[in-house]
Number of protein chains: 2
Amino acid sequence: MDQYFDAQRPLYEVKANLFKGLSHPIRVSVLEVLTRKAEVSVTELLTSTGLESSHLSQHLSVLRRHNLVVAERRGSQVFYRLAYPQVADLLRVARSLLVEILQTTHEQLATSAGLPELVQDPS
Amino acid sequence: MDQYFDAQRPLYEVKANLFKGLSHPIRVSVLEVLTRKAEVSVTELLTSTGLESSHLSQHLSVLRRHNLVVAERRGSQVFYRLAYPQVADLLRVARSLLVEILQTTHEQLATSAGLPELVQDPS
DNA sequence: TCGTGATATGATAAAGTCATCAAATCACGA
DNA sequence: TCGTGATTTGATGACTTTATCATATCACGA
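Residues numbered from 1 in each chain as written. Chains lettered and ligands numbered in written order. Predicted model: local features only at pLDDT ≥ 70, side-chain atom pairs only at ≥ 80, totals over all residues. Heavy atoms only, no water.

For chain A, the count of helices and strands is 5 helices and 3 strands. Tracing chain A from N to C terminus, the helices and strands come up as α-α-β-α-α-β-β-α. Expressed as a percentage of contacts within chain A between residues at least 6 apart in sequence, the contacts between residues at least 24 apart total 51%. As presented, chain A carries roughly 7,200 Å² of accessible surface, and 51% of it is formed by carbon and sulfur atoms. (Helix = DSSP H or I, 4+ residues; strand = E, 2+ residues; numbered from the N terminus. Contact = heavy atoms within 4.5 Å. Areas by Shrake-Rupley, 256 points an atom, 1.4 Å probe, with all protein chains shown as cover.)

See the structure below:
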């Protein structure tokens, strides 16, 4: 069992660790492929991410270690799936938050775009 | 506008950046205080986190930069609130995922606990 | 057993984050 | 204006993560 899933650790620490596992674009990208298709082979993930195999493997290892995915070897191929459906939920909520942020910041941009230009200092 | 909220950036990159903002225990802890109480002063956060003020402030700055919180100064005091309600949703879903993970890993532990002890090598 | 495809692991420099202390800034009353 | 409380920002060494290449391991057919 990973040291982070120790009953003694405060939940906010465990949460922060979970978010660490999600903090790389490639790893988010992999998880999103897995929300769309129940099971995906490493070969397929290599294609969809465009990574070299050992690079992808390092990231997959992080995902496994954080209990975000499970791997199953079948012959010489390995297939990955989301470890829990809540992982997909998390990505979904993150998306809706980002959409909200994007809208708000665009509104702010639109507002500031109406401001007069700065008067250039003559000196 | 933060460079991460550029319409050109893929969503998985923006998401990963969001998760980075959430990847420290103190920052999760602050956000959770803010899910329980609409608005909290820095002084209060200092008490609830037990941090020294400049340490907390560094983390608050990360939260602001990631659009997770908004700050409002009133006199010599500054009050923080969640920037969007979806931040609380995110923490909630993370929690339910972790509960699931914890249950599953505990089940696995309970299973492996029934295995016989390793036979000690005589050499 | 060997060769090959598929995948994981090891190693390490560079980049990024964290922890912590020093200094600066803001607000306000005397 | 000065002193003080509250808070932020700057600086920097320690620690962690990322990127990338080398190597090892697993599976399988010849």
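Next comes the rest of the description.
What follows deals with the sheet that holds strand S1 (residues 40-41) of chain A. All names here are of chain A. The strand order across the open sheet formed by 3 strands is S1-S3-S2, and the pairing between neighbours is antiparallel. Lying at the two open borders of the sheet, with one neighbouring strand each, are S1 and strand S2 (69-74). As judged from the 2 bridges shared by S1 and strand S3 (residues 77-82), these two strands associate in the antiparallel manner. From the neighbouring strand, Ser-41 faces S3, where its bridge partner is Phe-79. Across the face of the sheet, helix H2 (residues 25-36) comes into contact with S1, S2 and S3 while running at roughly 85° to S3. (Pairing = 2+ DSSP bridges. Axes fitted to C-alpha atoms, helices over the stretch in contact; angles between N-to-C directions.)

Once that is clear, we can look at the interface of chain A and chain B. On the side of chain B, 40 residues touch chain A, which itself brings 40 residues to the contact. Between chain A and chain B the total buried area reaches about 3,800 Å² when both faces are included, carbon and sulfur atoms providing 80% of it. The tally of links from chain A across to chain B stands at 2 salt bridges. B:Glu32 is paired through a salt bridge with A:Lys15; the nearest N and O atoms lie 2.4 Å apart. For the pair chain A and chain B, the interface holds 11 residue pairs in polar contact (both at pLDDT 80 or more). Examining the composition of the side of chain A that touches chain B, we find that 18 residues originate from one element, helix H5 (residues 85-112) of chain A, more than from any other. (Buried area = accessible area lost by both parts, 1.4 Å probe. Salt bridge = Lys/Arg side-chain N within 4 Å of Asp/Glu carboxyl O. Polar contact = N/O pair within 3.5 Å; in protein donor to acceptor, adjacent residues only side chain to side chain.)

Attention now goes to the protein's contact with DNA strand D. Lining the immediate surroundings of DNA strand D are 24 residues, of which A:His24, B:Thr43, B:Gln58, B:Arg64 and B:Tyr80 lie closest. Here the atoms of DNA strand D within 4 Å of the protein split so that 62% fall in sugar or phosphate, with bases taking the remainder. Between A:Arg27 and DNA strand D, the recorded distance is 3.4 Å, taken from a side-chain N or O atom to a phosphate oxygen. One nitrogen or oxygen atom from the side chain of B:Ser57 is found 2.9 Å from a phosphate oxygen belonging to DNA strand D. For the surface near DNA strand D, the elements supplying multiple residues, two or more each, are helix H4 (53-65) of chain A together with helix H3 (42-49), helix H4 (53-65) and strand S3 (77-82) of chain B. (Near = heavy atom within 4 Å.)

This part is about the protein's contact with DNA strand C. Taken together, 23 residues sit near DNA strand C, with A:Thr43, A:Gln58, A:Arg64, A:Tyr80 and B:His24 positioned nearest. Across the atoms of DNA strand C situated within 4 Å of the protein, the share located in sugar and phosphate is 62%. Contact distances for DNA strand C include 3.1 Å between a sugar or linking oxygen and a backbone N or O atom of A:Ser76. Elements represented by at least two residues in the surface near DNA strand C include exactly helix H3 (42-49), H4 and S3 of chain A together with H4 of chain B.

Before going further, it helps to spend a moment on the confidence of the model for chain A. Residues and elements named next belong to chain A. For chain A, the average pLDDT comes to 89, and 85% of its residues sit at 70 or higher. Low pLDDT (under 50) marks residues 118-123, which in the prediction has 0 contacts with non-local residues, meaning those over four places away or in another chain. With pTM at 0.89, the complex prediction returns an ipTM value of 0.89. (pLDDT = per-residue confidence, 0-100.)

Quick look at the packing of aromatic side chains now. One pair of aromatic rings is described through two measures. These are the centre distance and the angle between the planes. Taken as a whole and judged by the stated rule, the model has 1 aromatic pair over all chains. On the basis of an interplanar angle of 15° and a centroid distance of 5.9 Å, the ring pair of A:Phe19 and B:Phe19 is categorised as stacked. Highlighted residues: A:Phe19 in helix H1 (residues 11-21) and B:Phe19 in helix H1 (residues 11-21), drawn from two different chains. Residue classification places A:Phe19 among the buried positions, given a relative accessible area of 0%. One cation-aromatic arrangement involves A:Arg74 over A:Phe79; the distance from NZ or CZ to the ring centre is 4.5 Å. (Phe/Tyr/Trp six-rings, centres within 6.5 Å; stacked < 30°, edge-to-face > 60°. Buried < 20%, exposed > 50% of the residue type's maximum accessible area, 1.4 Å probe, protein only. Lys NZ or Arg CZ within 6 Å of the ring centre and 35° of its normal.)

So, about the pairing of strand S2 (residues 69-74) of chain B. Residues and elements named next belong to chain B. Here S2 pairs with S3 via 6 bridges, running antiparallel. The residue bridging Glu-72 from the neighbouring strand is Phe-79, located in S3. Counting the residues that bridge the hairpin from S2 to S3 gives 2 residues, and of these Gly-75 lies at a positive phi of roughly 65°.

The subject of this paragraph is unusual backbone geometry. With phi around 60°, A:Asn67 is a residue other than glycine that occupies positive phi space. Assignment of secondary structure puts A:Asn67 in the loop between H4 and S2.

All names here are of chain A. What the rule picks out here adds up to 14 salt bridges over all chains. Glu-13 is the salt-bridge partner of Arg-9, the closest N and O atoms lying 2.6 Å from each other. Residue classification places Arg-9 among the partly exposed positions, given a relative accessible area of 28%. The network of salt bridges with common partners includes Glu-39, Glu-72, Arg-74 and Arg-81.

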